[in-house]
Each structure stands twice: as C-alpha cells, then as structure tokens.
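# Coordinate inspection notes
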Amino acid sequence: MTALHLAGVVLPAGEHRDVWVRNGRFTFDPVPGAETVSRNGWLVPGLVDAHCHVGVGPGGAHVAEPDALRQQALDERVAGVLALRDCGSPVDTRFLDDEPDLPRIIRAGRHIAAPRRYIPDLAVEVEPPGLADEVRVQARRGDGWVKLVGDWIDRGVGDLAPEWPADALVEAIAAAHEEGARVTAHTFGTGALPGLIRAGIDCVEHGTGLTQDLIGEMAARGTALVPTLINVEHFPAFAAAGEKRFPAYASTMRRLHAQAGAVVRAAFDAGVPVYAGTDAGGGVEHGSIAAEVRALHEAGLPAEVALGAASWSARSWLGLGCIEEGAPADVVVYDGDPRANLDELGRPRLMVLRGRVVGEKTPLPPAGGRPRGPVPARG
Ligand SMILES: [Zn+2]
C-alpha cells in the first residue's frame, strides 16, 4: 500500500498540519517517499451517516441484489460518508465489508417490533416476553448496536402508541448491554420515550416527541439523539395519507413536524449529544448527509457543531477515531472551510478511505499555489 502525505487545516482543531498515512493509519511522523495527495484545503475526519439503511428501498421494500446494495453504499461514499450506522436491515450486507472502496458499515441487525406494529416484513416481530431473547440474537448479528421500534401507529387506538411495556424494555436493554451492544429505538411520539430512557437506552432515533423533562433526563444519562430531520420533513405526507382513517394520528404527526426543529435545539442546549443521520433507504435517498447537516444547522446548532455531528463527534461516539496518531485513515478534503460554508460538503475534493484514495482523483495543483487562469493549450 502506497504511503500518502496530506497537508491542510485539520478539523476539528483547525490547525494547518502535515499528515501521513501508512498501512491504512494516520501518523504525524513524516514517511519518506509518501505520495502527496493534498497540499492545502480542509481535512475533515470521514463523514458519518449515523442513521441509514442499506438493504431497504422505497416503502420499506427489501433490496437484496448485490449491485443495488453496493450502489446504496456507494451513494453514501460519494457524499463523503466513509462510515455509516445501519439502523436495521432485513438483508445480509456482510459481503460489502470486503469491498475497500465502500464505507465502513456499523450494523444494528434487524429492526425488532411488536407483532403487526411496523412496516410489514421489515422487522423481526416478537411479543414483549420474547424481546430480551431477540435482542440477544440481533446483538450477535450486528456490530455493537440493536434497533428497537419504540412506537408506531396502533390501529386500534388510531394514533402513535408505545410498542413495549417498561419491564420488557428494562430486561431487553440489560440483555443487550450484557452482549456488549448498545441499543437505539425509533420513536416519533412521546409515550414510548420515558420507558426507553429510564431503561437505559443509549440513543433515540427521530425523537420528535421529546419534552423538556425527557430531554433533561437524556442529558443527565448521556443518551444520544439522531433527529433525522430530513426524514421528519415527510411527516405532513404521512399525516395526509392517514387522515381519513386515523385523524388523531394525522394531527399528532403534524404537531410533531411543527416542533421538530425546536426539539433539536432544546436537546442541543441541554447538552444531549446530537448526531447526523439521514434515514436513507426508504423515503430518503442515500448520499443526503449534507442536507441533514444543513437541517441541523437551521434548527439552531452552530455550523461547526452540525458538521461535527456528521464527522468528528459521530466518529468518536462510534469508536472510529479522527485525524490522530494511529487512527484509521479516513478523511475527506474540501477546498474551502466547511464550518464557514456548509455548501462545501457538496464538493469533496478528495477522499481517503482505509488509507487509500477512493473515487475520482482530482489533479493536484502545482506546489506553491493553485494555477491561476486556464491551462494554456498545447500546439
Ligand atoms: Zn430508519
């Protein structure tokens, strides 16, 4: 493997540094003979999509063809996402781990839902007394995470309702922790949240129903939040689709949509760790991380915090390391400072993943500066 040399402003510290890559890892000790692939720009630890689904298509359809799975992962990487947390997939995507050009995938196994309380065929469905056993199964299938469906429409009630009693959650989350896995849960409404948070859940997905009190409990416990704001944009459409049969559900979804930004802002203000996830695979296209970072910023997170939520903060949370001695060499280089202009996220110049340049290789400008004006034609 060729050793690489990059120079630029290393984020989040913000200092101009020289960095080398040897055997797939960063080092600050110069490596003789390394190939220089960047002389300037901003060096951002590989982006993370902290909530997406490889293997799920529109409407919750299973995507099983290897090329289609590869494409979902590739669409993420083209956007600078070099690691993703898969928040539940009905298909086996392990073969993607052998493809060095594709992002690292941290899996949560399959979704676990109560019977007939989720998108048909997407989750493993179990009655509450079987939850802890199924959590152990999925913990062993995944990469350190388990995904519960915490609430969903209860057609008998006509509105969102919790899926699990509190005692089943206590037992299940303890079981996951015993297996060395963290647990996260889908929640839209408020009712499921007290039981999940007090049972010691590690993360909440969407979390649109969070109240100030629950946010305070999450902050005290260090429970993370992945708001998936660009997916929450679909709530009015969900409301319209359910309006006729489930008017209470429709009105709940509209209310949750209206308060989503304020919930994120309140969580940030309270000190809840917030991470960027798109919920791609389903209603959102893979490769949408820049839109989610912008949405977090528009909700009130400073641009640097919103960027960190999709980079250094998320990487630390997931145990991936950043641009530091001995860490895996995953970095995205931008021409401009993405903290000053989040639009830079749409134009990655260079990506190094597992210590190799991936994607199109942009020609390096000559030493001493970028070329001014057009390159003269030959002839
Ligand atoms: Zn999801």
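For the structure itself, consult the block above.
In this report, we go over the structure that sits alongside the text.

Okay, the overall build of the chain next. Within the chain, the secondary structure is distributed over 11 helices and 19 strands. Along the three orthogonal principal directions, the C-alpha set of the chain runs to about 75 × 40 × 40 Å. Summarising the internal contacts of the chain: among those between residues at least 6 apart in sequence, 66% fall at separations of at least 24. Looking at the chain as shown, the accessible area adds up to about 15400 Å², and 52% of this sits on carbon and sulfur atoms. Distance between charge centroids for the chain: 4 Å, based on 37 positive and 49 negative side chains.

One water molecule sets the probe size; rolling that probe over the atoms shows where empty space is left. For the largest pocket, the calculated volume is near 670 Å³. Broken down by secondary-structure element, the contributors of at least two residues to the lining of the largest pocket are strand S12 (151-154) and helix H7 (235-242). Looking at the lining of the largest pocket, the element that brings in the most residues is H7, giving three residues.

Let us now look at the pattern of salt bridges. Going through the model one piece at a time under the given rule, you end up with 22 salt bridges. Between Arg85 and Glu205 there is a salt bridge, with the nearest N and O atoms lying 2.7 Å from each other. Here Arg85, found in strand S7 (residues 81-86), pairs with Glu205, found in strand S15 (residues 203-206); they are 120 residues apart in sequence, far enough to count as distant. Across the pair, Glu205 and Arg85 agree in class, each one buried.

With that settled, the discussion passes to the coordination of the zinc ion. At this site the zinc ion is bound by His51 (NE2), His53 (NE2) and Asp279 (OD), with donor distances of 2.0 to 2.1 Å. Counting along the primary sequence, the residues that act as donors to the zinc ion give the motif H-x1-H-x225-D. On the criterion of sequence distance, the pair formed by His51 in strand S6 (residues 47-52) and Asp279 in the loop between helix H8 (247-270) and helix H9 (289-299) is long-range, its members being 228 residues apart. Here His51 matches Asp279 in class, with each residue buried.

This paragraph deals with unusual backbone geometry. Most peptide bonds are trans, and most residues other than glycine sit at a negative phi. The step from Leu11 to Pro12 runs through a cis peptide bond, and the omega angle for that step is 5°. For Asp121, which is not glycine, the phi dihedral falls at a positive 70°. With respect to the helices, strands and loops of the structure, Asp121 is situated in the loop between strand S9 (112-113) and strand S10 (124-125). The class for Asp121 is exposed, based on a relative accessible area of 58%.

Over its 24 residues, H8 extends 33 Å from the first C-alpha to the last, a length consistent with the 34 Å expected when each residue adds 1.5 Å. Its axis deflected by about 45° at Gln259, H8 carries its strongest bend there. Of all the residues in H8, the buried ones are Tyr249, Ala250, Thr252, Met253, Leu256, Ala260, Val263, Val264, Ala266 and Ala267. One or two positions beyond H8, positive phi appears at Gly271, with a value near 95°.

Scoring rules and cut-offs
- Residues numbered from 1 in each chain as written.
- Predicted model: local features only at pLDDT ≥ 70, side-chain atom pairs only at ≥ 80, totals over all residues.
- Heavy atoms only, no water.
- Helix = DSSP H or I, 4+ residues; strand = E, 2+ residues; numbered from the N terminus.
- Contact = heavy atoms within 4.5 Å.
- Areas by Shrake-Rupley, 256 points an atom, 1.4 Å probe, with all protein chains shown as cover.
- Lys, Arg positive; Asp, Glu negative; His and termini not counted.
- Charge placed at Lys NZ, Arg CZ, Asp CG, Glu CD.
- 1 Å grid on protein atoms, 1.4 Å probe; cavity = no way out; pocket = protein on both sides within 12 Å on 5 of 7 lines; lining within 4 Å.
- Points joined across faces, edges and corners; volume = space filled by probe spheres on them.
- Salt bridge = Lys/Arg side-chain N within 4 Å of Asp/Glu carboxyl O.
- Buried < 20%, exposed > 50% of the residue type's maximum accessible area, 1.4 Å probe, protein only.
- Donors = N, O, S within 2.8 Å, 3.2 Å for Na, K, Ca; no water.
- Expected span 1.5 Å × (residues − 1).
- Bend = angle between axes of the 7 residues up to and from the residue.

Interpretation note: all reported values are geometric properties and have no functional meaning in isolation.
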